[in-house]
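Residues per chain, in single letters:
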Amino acid sequence: MKTKRILIYALMAFGIATLQWSCSKDDENVAPEATEQDPNAPKGQVRMGITDAPIDNAEINGAFVTVTEVRLDGKRYDAFQGPKTINIAELNNGNFFTLGDGQFQTGTYSKLTFIFDYEKDQFGNAPGCYLSKVDGTKSKLVIAGNARNSLDVNTKPFTIAQNATTDLMIDFDLRKAIKTYNENAKKNYSFVTYGELQSSFRVVNKTTTGTISGQMSGYNQAVMGNVVAYVYKKGEFNQSTEAKGQGDSSVEFKNAVSSSKVDGNGNFKVSFLEEGDYEIHFASYKASGDANSSATLNAFLNLSSSLDLNKISVKSNTDIRLTLAVTGIIGI
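Residues numbered from 1 in each chain as written. Predicted model: local features only at pLDDT ≥ 70, side-chain atom pairs only at ≥ 80, totals over all residues. Heavy atoms only, no water.

A.B. asks: So what's going on with the pairing of strand 7 (residues 130–133)? Residues and values would help.
C.D. replies: Each regular strand carries side chains that alternate between the two faces of the sheet. A two-sided burial pattern is seen for strand 7, the buried positions comprising Tyr130 and Ser132 on one face and Leu131 and Lys133 on the other. Inspection of the sheet shows strand 2 (residues 60–72) paired to strand 7 by four bridges, in the antiparallel sense. Bridge assignment links Phe64 to a residue of strand 7, and that residue is Tyr130. Taking the residues between adjacent antiparallel strands as the criterion, strand 7 and strand 8 (residues 138–140) are bridged by four residues, where Gly136 takes a positive phi near 90°. (Buried < 20%, exposed > 50% of the residue type's maximum accessible area, 1.4 Å probe, protein only. Helix = DSSP H or I, 4+ residues; strand = E, 2+ residues; numbered from the N terminus. Pairing = 2+ DSSP bridges.)

Next up, the structure:
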């Protein structure tokens, strides 16, 4: 009898411990409550928008995220009224979605937090974050290996000043944020890992940014495939490294600041680049013929240009316009 009681107590203790562990794991996946702004503190105007560096996948015609809340250093940004379901994939070439425009407590900030709803969109339909495909189906998105519903994005410190406007632009690089994998002999998608997803966001002060755009003659999409323009900080491009998948999710061109898909007429535009010196590289992709595989990196384009493509100086509120001509293809 004594042995039986000991066994019962041991099982009860194990059950309680398991329940506590399960609850603690659930708590880790739920963002802590936001803190409120001091109603008596001085305020400045904060305008916030979101844009996208595109994902190049012919199977996908939309990438939707449902955001329920936005925070600055843990304080709720009340100008954002969630939930909102945003098609990030359509926000290319300088287009953006305004998340909010309103007053916020003055101070210096260095972290944005997004709270996602994976399960339902702003209309209550499932799922909340997903890719829409050309065949009409949806592929639910969650963070790979992590069910957390919040994402902290560390930024360069920025100051919100009284009687002034801070104009923030968030560049959500879908190309870096989505990974493809095969499951049960079928292609599937998810967000990349938590750390990699953090790296797919770039936050800048919109008023101090410029643009690199251009037109490429001699580009034949049927022959050369789809081409993407990748912009790097000057001196930071390493072809042998960047052309290979890096990290847990095998992200190609991982260290690119931003990118733009070249359209069928050879036009491209990379917006919201901070002041500085950049270099730009053009890579072509071709379909592999396997329905369960994405387009694969095929080659780099060799180009003549009106400017040195390895040193492009971007200034605030300027558009650096490039005139390019394809002179050859460099295999990888």
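A.B. asks: I'd like to hear about the pattern of salt bridges, residue by residue, with values.
C.D. replies: Pairing between side chains becomes possible if they bear opposite charge and their charged atoms approach one another. For the structure on display, the rule yields 11 salt bridges. Its salt-bridge partner being Asp117, residue Lys120 comes within 3.5 Å of it at the nearest N-O pair. Under the relative-accessibility criterion, Asp117 is labelled buried at 16%. Salt-bridge contacts for Asp171 lead to Arg202; the nearest nitrogen and oxygen are separated by 2.8 Å. Here Arg202 lies in strand 13 (residues 201–205) and Asp171 lies in strand 10 (residues 165–173), a separation of 31 residues in the sequence. A relative accessible area of 5% places Asp171 in the buried class. (Salt bridge = Lys/Arg side-chain N within 4 Å of Asp/Glu carboxyl O.)

A.B. asks: Describe the sheet that holds strand 13, with residues and values.
C.D. replies: Pairing is mixed in the open sheet, where four strands are placed in the order 5-1-10-13. Sheet topology places strand 5 (97–105) and strand 13 at the edges, where each strand pairs with a single neighbour. Going across the sheet, the axis of each strand differs from the next one's by a mean of 25°, ignoring polarity. Examined bridge by bridge, strand 1 (residues 43–53) and strand 5 share eight bridges and lie antiparallel to one another. Counted as the bridge partner of Gln45 is Gln103 from strand 5. (Axes fitted to C-alpha atoms, helices over the stretch in contact; angles between N-to-C directions.)

A.B. asks: Hey, could you go over the packing of aromatic side chains for me, with residue numbers and the actual values?
C.D. replies: Evaluated as defined, the whole model comprises 13 aromatic pairs. Pairing Phe64 with Tyr130 gives two aromatic rings, centres 4.9 Å apart and planes at 15°, and the pair type is stacked. Of this pair, Phe64 sits in strand 2 while Tyr130 is found in strand 7, placing the two residues 66 residues apart along the sequence. In this structure, Phe64 and Tyr130 share a single accessibility class: buried. When the ring centre of Phe80 is taken as origin, the NZ or CZ atom of Lys84, which lies over that ring, is 5.2 Å away. The ring centre of Tyr130 lies 4.5 Å from the NZ or CZ of Lys138, which sits over that ring. (Phe/Tyr/Trp six-rings, centres within 6.5 Å; stacked < 30°, edge-to-face > 60°. Lys NZ or Arg CZ within 6 Å of the ring centre and 35° of its normal.)

A.B. asks: Describe unusual backbone geometry, with residues and values.
C.D. replies: Along the chain, Gly82 connects to Pro83 via a cis peptide bond; the corresponding omega equals 0°. Assignment of secondary structure puts Pro83 in the loop between strand 3 (75–76) and strand 4 (84–87). The omega torsion across Ala126 and Pro127 is -10°, close enough to zero to call that bond cis. Relative to the elements of secondary structure, Pro127 occurs in the loop between strand 6 (107–116) and strand 7. Within the chain, Asp73 stands out as a residue other than glycine whose phi angle is a positive 45°.

Take it as geometry only, folks, not as evidence of what the structure does.
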